[in-house]
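In case you want the letters, here they are:
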Amino acid sequence: MQKLFKFILITMHVVAFTAIHARAQDEYQLPNYSSRDGFVPVVGKNGMVSVRETIAAKIGAEILEKGGNAVDAAAAIGFALAVTYPQAGNIGGGGFMVVHLADKNETVAIDYREMSAGKARHDLYVVDDKVDQKLAKYSRQSSGVPGTVAGMALAIEKYGTMSLQDVLEPAYRLAKDGFEVYTQLEMSLARSKERLGADPAAAKVFYKADGSNYRTGEILKQEDLAWSLKQIMDNGTDAFYKGEIAERIAADMAANDGLITMDDMAAYKVYEREPVMGTYKGYTIATMPPPSSGGMHMIQMMNMLENDDLKSKGHNSAATLHLYIESMRQAYADRSLYAGDPSFFDIPVDKIIDKEYAAEIRARIPMDRARDSSEVAPTKNLAYESPETTHFSVMDKYGNAVSNTYTLNFGFGNGIMAANTGILLNNELDDFDHEPYKPDANGNISGKANAQEPHKRPRSSMTPTIVFKDDKPFLITGSPGGGTIINTVFQTVMNVLEFDMNVAAASSKPRINHQWMPDMTTIESGVSQDTLNILKDMGHKFNYGSRTLGSTNSIVYRDGYFYGAHDPRSMNAATIGIN
Ligand code: GLY
């Protein structure tokens, strides 16, 4: 009897334990990323930020923790980086933001790219029949009307829950009270001293009174920038585009052969555009349309390779890298002719992202040899594009996502600070083709799409991207890197979608870059010598291990968890999960 009683009791315990355990498993699942990839992502349950600089990342994370949405956090990060990451964070530059809004199930692309002045013309930098590089890169004439303030304000006013004033507040405090200089900023300022030190306003901010450098841990204050941020807090975007800040920028321009006037500032327009959309093996991709060339050419390359079983060829195998290089060669050849400002030039986006066109150009790739770039589309060389830009990704617990890339073009822009504003000026107009109507060595006249004209936006490569799975944001990513951005984002996306890597591994694997002209592939270190030997035998020209490519900030959402990673190629970046 006693034995029977004991048996019943044990059986009841086992049944109860099994039921409770099963319920617990229904209710939650442990984080699940593939650790076989060798890299481990940051994990969060209620949102994630991934940013190039830690102080700004913490500001974004705090906003998410308090219940703000991804757009609130993104705008606050954007303004904070203008203070803490003056290499590329800015209010004197511009960029692009792709936003997914969960409640409307809508995705928008905000174009806050800089715009040229009313006095701009296609041969602005041509002096004595030659492009004057100093004028194109390091003068006030290289600056477009900045778009960042208008872009962040539109995002926050239309899609945020906080006020413009509230998202500016942390940046204002950081500029006014200062922040501790971190190692990478110390290094950047020391390296850029010749340029920044030559501009009186910038020199006063970024170096001490005796001319010496700020060291790690010392406090950097930016009083004029605090004044500008406060103007915007008190008077909105009008302060920047029509009020006292506009007056100071226009006065600085007028006194130094710059072109931007009060009228140009007031004429600035931010655009909401339809994202350029693509699909890849069941995933949907929403990314930036023109004037960025990034989105359409990334989708073009993915379309070209969708029917190749790259996974069985192997990640970074010679066969896969050969296909990557040949797809890049084609995409960048097309880019040289067709990318520019859509308000001025009819860009054949539909053709570029068309799957039939992709199949046609894929069929032209021989599997056994490298092509010569002149076989693909002979025309002129592309101009140098600076790799200094910055990207951040944000996701919140409500299902909203923001992918933002913005820039001053070069690190610290043209190195000039508009007097009495604390605002570093961009040199984005260097992204125009400077001699568009002159025949090149092959006799081709090209570049109309990207010729400078009044109030036009220069072509960009920025590729802020959101990938969807089952209609929900799955991967948020983007990178700096000038012309290399498209290839970095393409490989990061392929690492996740095609090769099933977790986001940390996808961000860390060696990358390659080919831009059609010059006919040369840059290959990061970490690719095997055997692979390099095969590529060389196929006729590929490459330089190996000479530099790093890009610096991604990415987030993946799957099965109730956010997984984030910043690029191991960056110092002082941060990815913070909200729990
Ligand atoms: N200035 C770099 C880019 O817009 O892509």
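Structure: see above.
This is a predicted model, so every value here is computed, not measured.

## A look at the sheet that holds strand E3 (residues 94-101)
On the basis of which strands lie adjacent, the open sheet formed by seven strands has the order E9-E4-E3-E13-E12-E2-E23 and antiparallel pairing. Of all strands in the sheet, those bounded by a partner on one side alone are strand E9 (271-273) and strand E23 (574-577). Taking each pair of neighbouring strands and ignoring which way they run, the sheet shows an average axis angle of 15°. Here four bridges tie strand E2 (residues 47-51) to strand E12 (residues 390-396), and the two strands are oriented antiparallel to one another. Bridging across to E12, methionine 48 finds its partner in methionine 395. Relative to E12, helix H3 (residues 70-84) is tilted by about 155°, and along the sheet it contacts E2, E3, E12 and strand E13 (401-407).

## Points about helix H18 (residues 355-363)
Each α-helix turn comprises 3.6 residues. Residues three or four places apart therefore point the same way. If you check which residues of H18 are buried, you get Tyr357, Ala358, Ile361 and Arg362. Taken down its axis, H18 places every buried residue within 135° of arc, on the same side. Of the exposed residues in H18, the ones pointing more than 90 degrees away from its buried face are Glu356 and Ala363. The elements touched by buried residues of H18 are helix H14 (294-305), helix H16 (318-338) and helix H17 (349-352).

## Some details on the packing of helix H10 (residues 223-235) against helix H12 (residues 244-254)
Running from N to C, H10 and H12 point in directions that differ by 140°, and their axes come no closer than 9 Å. Judged on the interaxial angle alone, H12 and H10 are oblique. Along the contact surface, H10 presents Trp227, Ser228, Gln231 and Ile232, while H12 presents Glu244, Ile245 and Arg248. Considered class by class, the residues forming the contact of H10 with H12 number three nonpolar, two polar and two charged.

## Considerations on the side chain of serine 317
Position of serine 317 relative to the elements: it lies in the loop between helix H15 (310-313) and H16. The class of serine 317 is buried, set by a relative accessible area of 16%. For serine 317, the side chain forms a polar contact with the main-chain nitrogen of threonine 320, separated by 3.2 Å.

Definitions and limits used
Residues numbered from 1 in each chain as written. Predicted model: local features only at pLDDT ≥ 70, side-chain atom pairs only at ≥ 80, totals over all residues. Heavy atoms only, no water. Pairing = 2+ DSSP bridges. Helix = DSSP H or I, 4+ residues; strand = E, 2+ residues; numbered from the N terminus. Axes fitted to C-alpha atoms, helices over the stretch in contact; angles between N-to-C directions. Contact = heavy atoms within 4.5 Å. Buried < 20%, exposed > 50% of the residue type's maximum accessible area, 1.4 Å probe, protein only. Arc of directions from axis to C-beta. Parallel < 35°, antiparallel > 145°, perpendicular 65-115°, else oblique. Nonpolar A, V, L, I, M, F, W, Y, C, P; charged D, E, K, R; others polar. Polar contact = N/O pair within 3.5 Å; in protein donor to acceptor, adjacent residues only side chain to side chain.

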